[in-house]
Amino acid sequence: MLKPYLDTHPEVAEALTDNRPVVALESTIIAHGMPYPRNVETALRVEEAVRSQGAIPATIAIIEGRLTVGLEREQIEALGREGREAAKVSRRDIPFIVAAGGTGATTVAATMILAAMAGIRIFATGGIGGVHRGATQTFDISADLQELAQTDVAVVCAGAKSILDLGLTLEYLETQGVPVVGYRTDSLPAFYTRDSGFAVDYRLDSPETVAQALRTKWDLGLRGGVVIANPISEPYAMATEAIDAAIEQALQEADAQGIHGKATTPFLLARVAELTGGDSLESNIQLVLNNARLAAQIAKAFVQC
Ligand code: PSU
Ligand code: MN
């Protein structure tokens, strides 16, 4: 009995009932991934970008103990204002936040779970979590990867930030049977840059072919998610050297300060943003908008195939 815990926004519920396209959006990127007030402004622009392509946005979080699919503007504003003080909710945290009647921002993993409960299959974000550098010692592997292994939601992202070990992240996804699709690219994008140097598993060049592959996977009973990697558009991509230097410094500081567990990713995201100044934030915003538009196009094709 999931429904007693789940509040799907009426606009979202209606769209799903009518088999119209819906795109899930996460809230950790709002609370923990960007500074206030740009985070709130971006979250609202991302919803608008989904609508501009003819789909309905559903930003997801836990609000006062309710699994909430489709936030109101004030709820987005409140999470954004709370920022890194807000609870960061991944799979393991969901029942505790709900049982306590708490509020929290959902990660990619938790957003996938809530999206699947509501019946949404397409999700847009910036970057997914992955295998951290040094994971052979720390064991730090994001729960996002294990979620992709088991929950039937496609995640449109700009690859993953190179705060992670992208090679190990791809190895982990391969072991778990999670396909990594490059949208109009043969190479895995690395968030701020278009090319990580690692190949994707499959290249697809239209929303229709992506939708068809997703439909086929799930029709075949092959459970789990798919990573749809959409490179940042050329004018907003950053110089590799500038971003790499900031990432190296942020990693060293995290290590020196003994940052670990769920605090690691928000710490690195915030430090990299500070060290690169406004440039990286602008790139970040643009790539999320780009992913939202593509996810909406895929969602439209998906309901028709
Ligand atoms: N990577 C980004 N921006 C983000 C995140 C990751 O470039 O905002 C967030 C997402 O919500 C992701 C989470 O699900 O961080 C992963 O956290 P962890 O590594 O602790 O699993
Ligand atoms: Mn981690």
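Residues numbered from 1 in each chain as written. Chains lettered and ligands numbered in written order. Predicted model: local features only at pLDDT ≥ 70, side-chain atom pairs only at ≥ 80, totals over all residues. Heavy atoms only, no water.

Engineer: Explanation requested: unusual backbone geometry in the structure shown.
Structural biologist: Trans is the common state for peptide bonds, and a negative phi is the common state for residues other than glycine. For the peptide bond that leads from Tyr-36 to Pro-37, omega is 5 degrees, which places it in the cis range. Within the secondary structure, Pro-37 sits in the loop between α2 (28-31) and α3 (38-52). Unusually for a residue other than glycine, Asn-19 sits at a positive phi of about 55 degrees. Of note, Asn-19 is situated in the loop between α1 (10-17) and β2 (22-25). Look at Asn-19 and you get partly exposed, because its relative accessible area is 47%. You will see that Arg-184, though not glycine, has its phi angle at about 55 degrees, which is positive. Summarising the element assignment, Arg-184 is placed in the loop between β9 (180-183) and β10 (202-204). (Helix = DSSP H or I, 4+ residues; strand = E, 2+ residues; numbered from the N terminus. Buried < 20%, exposed > 50% of the residue type's maximum accessible area, 1.4 Å probe, protein only.)

Engineer: Before we go on, may I ask you to explain the environment of Ala-115 in this structure?
Structural biologist: Turning to its location among the elements, Ala-115 is positioned in helix α6 (residues 108-118). For Ala-115, a relative accessible area of 0% translates into the label buried. Taking C-alpha positions, Ala-115 is 32 Å from Glu-274, a pair spaced 159 residues apart along the chain. Beyond its immediate stretch of four places on either side in the chain, Ala-115 contacts Ala-24, Ile-60, Ile-120 and Val-153. (Contact = heavy atoms within 4.5 Å.)

Engineer: Is there a simple way to think about the site of ligand 1 in this case?
Structural biologist: The environment of ligand 1 is made up of 15 residues, and the closest members are Glu-26, Ser-142, Asp-144, Lys-161 and Thr-265. Interatomic distance of 2.7 Å between a side-chain N/O atom of Glu-26 and an oxygen atom of ligand 1. Val-108 places a main-chain nitrogen or oxygen 2.8 Å from an oxygen atom of ligand 1. Taking 480 Å² as the accessible area of ligand 1 by itself, protein coverage stands at 93%. Contributions of two or more residues to the shell around ligand 1 are made by α2 and α12 (264-276). Split by residue class, the shell around ligand 1 holds four nonpolar, seven polar and four charged. (Near = heavy atom within 4 Å. Polar contact = N/O pair within 3.5 Å; in protein donor to acceptor, adjacent residues only side chain to side chain. Areas by Shrake-Rupley, 256 points an atom, 1.4 Å probe, with all protein chains shown as cover. Nonpolar A, V, L, I, M, F, W, Y, C, P; charged D, E, K, R; others polar.)

Engineer: Looking at this model, I keep getting lost on the pairing of strand β11 (residues 226-229). Mind explaining?
Structural biologist: Looking along a regular strand, one sees the side chains alternate between the two faces of the sheet. Burial of β11 is two-sided: the residues Val-226 and Ile-228 facing one way and the residues Val-227 and Ala-229 facing the other way are all buried. Of the pairings in the sheet, the one linking β9 to β11 comprises three bridges and is parallel in character. Bridge pairing in β11 links Val-180 to Val-227. (Pairing = 2+ DSSP bridges.)

Engineer: Would you take a moment to explain the layout of surface pockets for this structure?
Structural biologist: Over the atoms, a rolling probe the size of a water molecule traces out where space has been left empty. Its boundaries defined by the atoms lining it, the largest pocket holds a volume of some 1,000 Å³. Considering the residues around the largest pocket, the lining is formed by 46 residues, among which Lys-88, His-132, Asp-140, Thr-264 and Thr-265 are closest to the centre. At the level of secondary structure, the elements contributing two or more residues to the lining of the largest pocket comprise α2, α8 (143-150), α11 (240-256) and α12. Ranked by the residues each element gives to the lining of the largest pocket, the list is headed by α12, at five residues. Across the lining of the largest pocket, the residue classes tally to 15 nonpolar, 20 polar and 11 charged. Its volume calculated, the second largest pocket comes out at about 260 Å³. In this structure, the second largest pocket is lined by 22 residues; those nearest its centre are Gly-33, Met-34, Pro-35, Ala-270 and Ala-273. The element best represented in the lining of the second largest pocket is α12, accounting for five residues. Residue composition of the lining of the second largest pocket, by class: 10 nonpolar, eight polar and four charged. (1 Å grid on protein atoms, 1.4 Å probe; cavity = no way out; pocket = protein on both sides within 12 Å on 5 of 7 lines; lining within 4 Å. Points joined across faces, edges and corners; volume = space filled by probe spheres on them.)

Engineer: Could you clarify how one ought to interpret α11 in this entry?
Structural biologist: Each α-helix turn comprises 3.6 residues. Residues three or four places apart therefore point the same way. Helix length check: α11 (17 residues) gives 24 Å between terminal C-alpha atoms against 24 Å at 1.5 Å per residue, within 8%. Those residues of α11 that fall on the buried side of the exposure criterion are Ile-243, Ala-246, Ile-247, Ala-250, Leu-251, Glu-253 and Ala-254. Projected down its long axis, α11 carries its buried residues within an arc of 165 degrees, all on one side. In α11, the exposed residues that point more than 90 degrees away from the buried face are Glu-241, Gln-252, Asp-255 and Ala-256. Where α11 is buried, its residues contact α12. Immediately beyond the C-terminal end of α11, within one or two residues, lies Gly-258, with a positive phi of roughly 65 degrees. (Expected span 1.5 Å × (residues − 1). Arc of directions from axis to C-beta.)

Engineer: Can you walk me through empty space enclosed by the protein in this structure?
Structural biologist: Under the criterion given, the structure shown has two cavities of 30 Å³ or more. Space inside the largest cavity adds up to approximately 120 Å³. Forming the walls of the largest cavity are 13 residues, and the residues nearest its centre are Glu-26, Ile-29, Ala-43, Val-46 and Val-288. Those elements giving two or more residues to the lining of the largest cavity turn out to be α2 and α3. Ranked by residue count, the leading element in the lining of the largest cavity is α3, at four residues. A breakdown of the residues in the lining of the largest cavity according to their chemical character gives eight nonpolar, four polar and one charged. In this structure, the second largest cavity encloses a volume near 60 Å³. Ranked by residues supplied to the lining of the second largest cavity, first place goes to helix α9 (residues 166-175) with four residues. In terms of residue class, the lining of the second largest cavity is made up of eight nonpolar, two polar and no charged.

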